[in-house]
Amino acid sequence: MKEVEITVFRYDPEEDNAPRYESFTIEAKKNMTVLDSLFLIVEDQEPTLSFRCACRLGMCGSCGMLINGRGRLACRTKIEHLGDKIRVEPMRNQLIIKDLSVNMDKFFKNWEKVKPYFVPKEDTDEFSVIPPGSGRREIIDENQDCITCGLCFQSCDAVAIRGENFIGPAALSRAYNLIADERDGARAERLDMVTEEDGAFGCHTFGACVEVCPKGIKPMVTIQKIKMKKLKKTIGLKW
Ligand code: FES
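Predicted model only: the values in this text are computed from it and were never measured. (Residues numbered from 1 in each chain as written. Predicted model: local features only at pLDDT ≥ 70, side-chain atom pairs only at ≥ 80, totals over all residues. Heavy atoms only, no water.)

Quick notes on the domain arrangement of the protein chain
- Each assigned domain of the protein chain is listed with its residue range as follows: domain 1 (2-95) and domain 2 (104-234).
- Residue-level contacts link 16 residues of domain 1 with 18 residues of domain 2.
- Run the count over domain 1 and domain 2 and you get zero salt bridges.
- Where domain 1 meets domain 2, there are seven residue pairs in polar contact (both at pLDDT 80 or more).
- For the side of domain 1 that touches domain 2, the secondary-structure elements that each account for two or more residues are β3 (64-67) and β4 (70-73). (Domains from an automatic or database assignment. Contact = heavy atoms within 4.5 Å. Salt bridge = Lys/Arg side-chain N within 4 Å of Asp/Glu carboxyl O. Polar contact = N/O pair within 3.5 Å; in protein donor to acceptor, adjacent residues only side chain to side chain. Helix = DSSP H or I, 4+ residues; strand = E, 2+ residues; numbered from the N terminus.)

Written out as structure tokens, the structure reads:
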């Protein structure tokens, strides 16, 4: 067991004039996560501290926050890897509801914008079953592990600069999966939509999204594939 100081961002937009930081000392046990430490603070020291979580397994994507300045899932981040002083802040690029809880409407609005669902073609027989291990399967399997945690969105400089006017890494990655799926009846329409003003060409290729994704997805790389497809489509090549 060791003593760790957890400094947490505090802000209630309905009550406070400005944000502040509050520090708590906890006894950290082996394998304790940052999420565990927040629960400990709520139980023993500050019951009004607000944060979001659900599965505690790295699956639901609801515990994304800035931990020592980097976007991470609190439930998958062990305290022993972070040192004796830990700073926890809400995700960037989103409105704060309270403390560490953010409003993800902007993120999900953009997610909806790209039609994130499969639209079957009328004549899908030839393509309806894609055998596992085939090249086509590999292409459409890319990015499937996305848990919509929003960490890529919060780390994205293009979102920081252009706000909702940039669709963002997660939604573009999702769109690519469907654009790359030859069975999808809306792929052409979707490709045009995600290469409009607020789409793929707004990516600055800084790569922060690749760094923070807890599932190892590389949205920046995928976005370049969207650009390439658009280019091919525009000059009449097979895409
Ligand atoms: S609580 Fe579900 S991913 Fe962390």
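That shown, we press on.
As for the sheet that holds strand β2 (residues 20-28)
- Read from one edge of the open sheet, five strands run β2-β1-β5-β3-β4, paired in mixed fashion. Two strands lie at the open edges of the sheet, namely β2 and β4, each paired on one side alone. Across this sheet, the average inter-strand angle for adjacent strands is 35°, counted without regard to direction.
- Bridging between strand β1 (residues 2-10) and β2 involves nine bridges; their strand directions are antiparallel. (Pairing = 2+ DSSP bridges. Axes fitted to C-alpha atoms, helices over the stretch in contact; angles between N-to-C directions.)

Remarks on the state of the cysteines
- Within the structure shown, the criterion is met by zero disulfides.
- The thiol sulfur of Cys53 is not disulfide-bonded, and the nearest other cysteine sulfur, from Cys63, lies at 7.0 Å.
- Classification of Cys53 as partly exposed rests on a relative accessible area of 25%. (Disulfide = S-S within 2.5 Å. Buried < 20%, exposed > 50% of the residue type's maximum accessible area, 1.4 Å probe, protein only.)

A closer look at the side chain of Asn143
- Relative to the helices and strands, Asn143 resides in the loop between α3 (135-141) and α4 (151-155).
- A relative accessible area of 12% places Asn143 in the buried class.
- A polar contact is formed between the side chain of Asn143 and the backbone oxygen of Ser173, at a distance of 3.3 Å.
- Apart from the residues lying within four places of it in its own chain, the contact partners of Asn143 are Ser173, Tyr176, Asn177, Ile217 and Thr222.

Re unusual backbone geometry
- Of note, the phi angle at Arg56 is positive, near 60°, even though the residue is not glycine.
- Note that Arg56 resides in the loop between α1 (34-44) and β3.
- Exposure remark for Arg56: the relative accessible area of 38% places this residue in the partly exposed category.
- Unlike most non-glycine residues, Asn68 shows phi in positive territory, near 50°.
- Summarising the element assignment, Asn68 is placed in the loop between β3 and β4.

Some points on empty space enclosed by the protein
- Evaluation of the coordinates by the stated rule reveals two cavities of 30 Å³ or more.
- Here the largest cavity is characterised by a volume of approximately 110 Å³.
- In this structure, the largest cavity is lined by 15 residues; those nearest its centre are Cys156, Asp157, Cys203, Phe206 and Gly207.
- Within the residue set of the lining of the largest cavity, elements represented by two or more residues are α5 (157-162), α8 (208-212) and α9 (219-234).
- Class assignment of the residues belonging to the lining of the largest cavity gives a composition of 10 nonpolar, four polar and one charged.
- Roughly 50 Å³ of internal volume is contained in the second largest cavity.
- Looking at the second largest cavity, the residues that line it are Arg52, Ser62, Cys63, Gly64, Met65, Met91, Leu100, Ser101, Val102 and Met104.
- Broken down by secondary-structure element, the contributors of at least two residues to the lining of the second largest cavity are β3 and β7 (101-103). (1 Å grid on protein atoms, 1.4 Å probe; cavity = no way out; pocket = protein on both sides within 12 Å on 5 of 7 lines; lining within 4 Å. Points joined across faces, edges and corners; volume = space filled by probe spheres on them. Nonpolar A, V, L, I, M, F, W, Y, C, P; charged D, E, K, R; others polar.)

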